[in-house]
Amino acid sequence: MKKLSKMLLLIMAGAIVVCAAAGCSGNSNGGNTTESSASDTVSDDNNTVENNSAESQTEESSDGQASVDLATADYSNPAVTIEFGDFELIQTVTQDMQTGKYDGQVIKVTGISQKRMSNCALIERDESTGTGYGMTYYLDGNPDLSEYPAEDAKVEVLGVVTVGDYDVRALTVLPSNIKTLDQ
């Protein structure tokens, strides 16, 4: 019962964050929503991130969304690498992802994997406040949650930013591009 209560609170908090972000969105795309874990969001404009071109990796699918061939993506030079514990950078990159800045590009993230209802998120915590912030990732082919890393495992994920339903962006990851690390 306690676990169910926590899950319901997390779902409600996530819905509030998504609704608030959608209501405050002032970008020119009009319909983009922000997808994040249940946490406070803070912008940090002091971080700069290299932006590599992914035009050769993306193509238009039948519904107009960018689709990426994960097998041929260039994983050797990620557009951005988020090291374990870099709370500010994961916030900045996740927010930039939702504006389309990294569509079709490779991102490398080291964080704590936490399971959601149909996917997982890589969580970083602000050590001073304990606040967590997450970046959603999907295993390619949408396998059962049992095929994702264990709850609270420290993992390194190398994935491609893809556009899903309602223009929500997330990392899509080949199972071979997930490494479970020692805590």
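In this text, all values refer to a predicted model and were calculated from it rather than measured experimentally.

> Would you explain the overall build of the chain in this entry?
From N to C terminus, the chain includes two helices and nine strands. Each helix and strand of the chain, ordered N terminal to C terminal, gives the series α-β-β-β-α-β-β-β-β-β-β. Every one of the 183 residues in the chain was classed for burial, and the buried ones make up 42%. Considering only intrachain contacts with a sequence separation of at least 6, the fraction spanning at least 24 residues in the chain is 69%. Just so you have it, the chain exposes about 10100 Å², and 49% of that area is on carbon and sulfur atoms.

> I'm lost on the environment of N142 in this one. Help?
Note that N142 resides in the loop between strand 6 (132-139) and strand 7 (153-163). On the basis of relative accessible area, N142 is assigned to the exposed category, the value being 57%. Counting along the chain gives 30 residues from N142 to T172, while the straight-line C-alpha distance between them is 9.3 Å.

> Please clarify how the packing of aromatic side chains should be interpreted in this entry.
What characterises a pair of aromatic rings is the spacing of the ring centres plus the angle enclosed by the ring planes. Under the criterion given, the structure shown has one aromatic pair. Taking the centre distance of 5.8 Å and the plane angle of 55 degrees together, the rings of Y137 and Y148 count as tilted. Taken together, the positions of Y137 in strand 6 and Y148 in the loop between strand 6 and strand 7 put the pair eleven residues apart, joining distant regions of the chain. Taking the relative accessible area as the measure of exposure, Y148 reaches 5% and is therefore buried. Taking NZ or CZ as reference, K154 lies 4.2 Å from the ring centre of F84, over its face.

> Please clarify how the confidence of the model for the chain should be interpreted in this entry.
If pLDDT is low for a region, its predicted coordinates should not be looked at in detail. On average, residues of the chain score 75 in pLDDT, and 63% of them are at 70 or above. Taken element by element, the chain is modelled with least confidence in strand 1 (residues 58-60), mean pLDDT 40, and with most confidence in strand 3 (residues 80-82), mean pLDDT 97. In the predicted structure, residues 24-66 sits below a pLDDT of 50 and forms 86 contacts with residues beyond four places in sequence or in another chain.

> Would you take a moment to explain the nonpolar core for this structure?
One recurring pattern in soluble globular proteins: nonpolar side chains tend to sit buried together. V93, I107, Y137 and L171 are the most contacted members of the largest nonpolar core, which has 25 residues in total. Among the elements that line this core, the one with the most residues is helix 2 (residues 87-98), at five residues. Sequence-distant contacts of Y137, defined by excluding residues within four places in its chain, comprise S113, N119, C120, A121, L122, Y148, P149, V157, L171, V173 and I178. L70, A73, Y75 and L158 belong to the second-largest nonpolar core, a separate cluster that totals seven residues.

Parameters and conventions
- Residues numbered from 1 in each chain as written.
- Predicted model: local features only at pLDDT ≥ 70, side-chain atom pairs only at ≥ 80, totals over all residues.
- Heavy atoms only, no water.
- Helix = DSSP H or I, 4+ residues; strand = E, 2+ residues; numbered from the N terminus.
- Buried < 20%, exposed > 50% of the residue type's maximum accessible area, 1.4 Å probe, protein only.
- Contact = heavy atoms within 4.5 Å.
- Areas by Shrake-Rupley, 256 points an atom, 1.4 Å probe, with all protein chains shown as cover.
- Phe/Tyr/Trp six-rings, centres within 6.5 Å; stacked < 30°, edge-to-face > 60°.
- Lys NZ or Arg CZ within 6 Å of the ring centre and 35° of its normal.
- pLDDT = per-residue confidence, 0-100.
- Core = buried A, V, L, I, M, F, W, Y, C linked by side-chain atoms within 4.5 Å.

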